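Chain by chain, the residues:
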Amino acid sequence: MSLTAQQAFKKLPQKLQNFFTRYPPAPFKKYASTPTSTTADDANPFLPNIHPVTNKTHNPIYSMRRQSDLYKLAYKFGVSDLLPTLNNGKMFFQEKYDNKKPLRGVVNPKGHIWERTLEARKAAIQEAVSKADDILVEHRGMKYKRRLERRKAEQKTWV
């Protein structure tokens with residue numbers, strides 16, 4: 001058994017009923033997404049509007065806290081898309097986490113200094129090991145070089 005629009009409206013909490021009575025939902029009335037004149041037909045109750053005579057900005061009819069309460073209540077009953085656009089583009093619930101940017105440290109962590117320099121140190125060690133014989137010959141002299149060559153020549157190759 002499906003509910004009629006009026007029966008569904010009666011099931012809403014009193015706070016939402018009062019709001020939708022004063023400000024009809026989106027299908028019946030389109031609200032401005034930017035501040036307009038306070039006397040305009042499409043004046044959004046969640047946005048600060050400008051008085052046409054004095055050109056002074058009037059605060060929103062509903063404060064940020066009351067907007068948040070209304071939105072959360074409407075979300076709970078599945079009618080949040082019928083509300084006018086919110087003042088600061090505030091997001092709630094899952095929508096808030098879907099559009100959130102990840103933290104910089106999570107995406108590209110800095111790491112410890114030993115982790116950052118590990119590759120360079122390994123490369124330096126590898127290069128030093130490969131040049132070890134040349135450095136030793138340079139410091140110990142030609143006698144050591146001949147000894148290395150003799151060792152290499154006498155090395156057993158059959159095993």
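Residues numbered from 1 in each chain as written. Predicted model: local features only at pLDDT ≥ 70, side-chain atom pairs only at ≥ 80, totals over all residues. Heavy atoms only, no water.

- As annotated in an unreviewed UniProt entry, the protein carries the name Mitochondrial ribosomal protein of the large subunit and comes from Komagataella phaffii.

## Points about the pattern of salt bridges
At step 1: Tallied over the entire structure, the rule returns 2 salt bridges.
At step 2: Between aspartate 69 and arginine 65 there is a salt bridge whose closest N-O contact spans 3.3 Å. Linking aspartate 69 with arginine 65, this pair stays in helix α3 (residues 64–76), spanning 4 residues, or about one helical turn.
At step 3: The class of arginine 65 is exposed, set by a relative accessible area of 56%.
At step 4: The shortest N-O distance in the salt bridge between glutamate 127 and lysine 131 comes to 3.2 Å.
At step 5: With a relative accessible area of 44%, glutamate 127 lands in the partly exposed category. (Salt bridge = Lys/Arg side-chain N within 4 Å of Asp/Glu carboxyl O. Helix = DSSP H or I, 4+ residues; strand = E, 2+ residues; numbered from the N terminus. Buried < 20%, exposed > 50% of the residue type's maximum accessible area, 1.4 Å probe, protein only.)

## So, the domain arrangement of the protein
The extent of an interface is frequently quoted as the accessible surface area lost upon association of the parts.
At step 1: Segmentation of the protein into domains returns domain 1 (10–100) and domain 2 (112–154).
At step 2: A separation of 74 Å is found between the C-alpha centroids of domain 1 and domain 2. (Domains from an automatic or database assignment.)

## Let's talk about the nonpolar core
At step 1: Of all hydrophobic cores here, the largest spans 15 residues; its most connected members are Leu16, Phe19, Phe20, Phe46 and Leu83.
At step 2: Not counting residues up to four positions away in its chain, the partners in contact with leucine 16 are Leu70, Leu73, Ala74, Phe77 and Val79. (Core = buried A, V, L, I, M, F, W, Y, C linked by side-chain atoms within 4.5 Å. Contact = heavy atoms within 4.5 Å.)

## Side note on the environment of phenylalanine 9
At step 1: Assignment of secondary structure puts phenylalanine 9 in helix α1 (residues 5–11).
At step 2: Accessibility expressed as a relative area gives 29% for phenylalanine 9, which makes it partly exposed.
At step 3: The spacing of phenylalanine 9 and aspartate 42 is 33 residues in sequence and 22 Å in space, taken between C-alpha atoms.
At step 4: With sequence-adjacent residues up to four places away left out, phenylalanine 9 is seen in contact with Gln17, Phe20 and Thr21.

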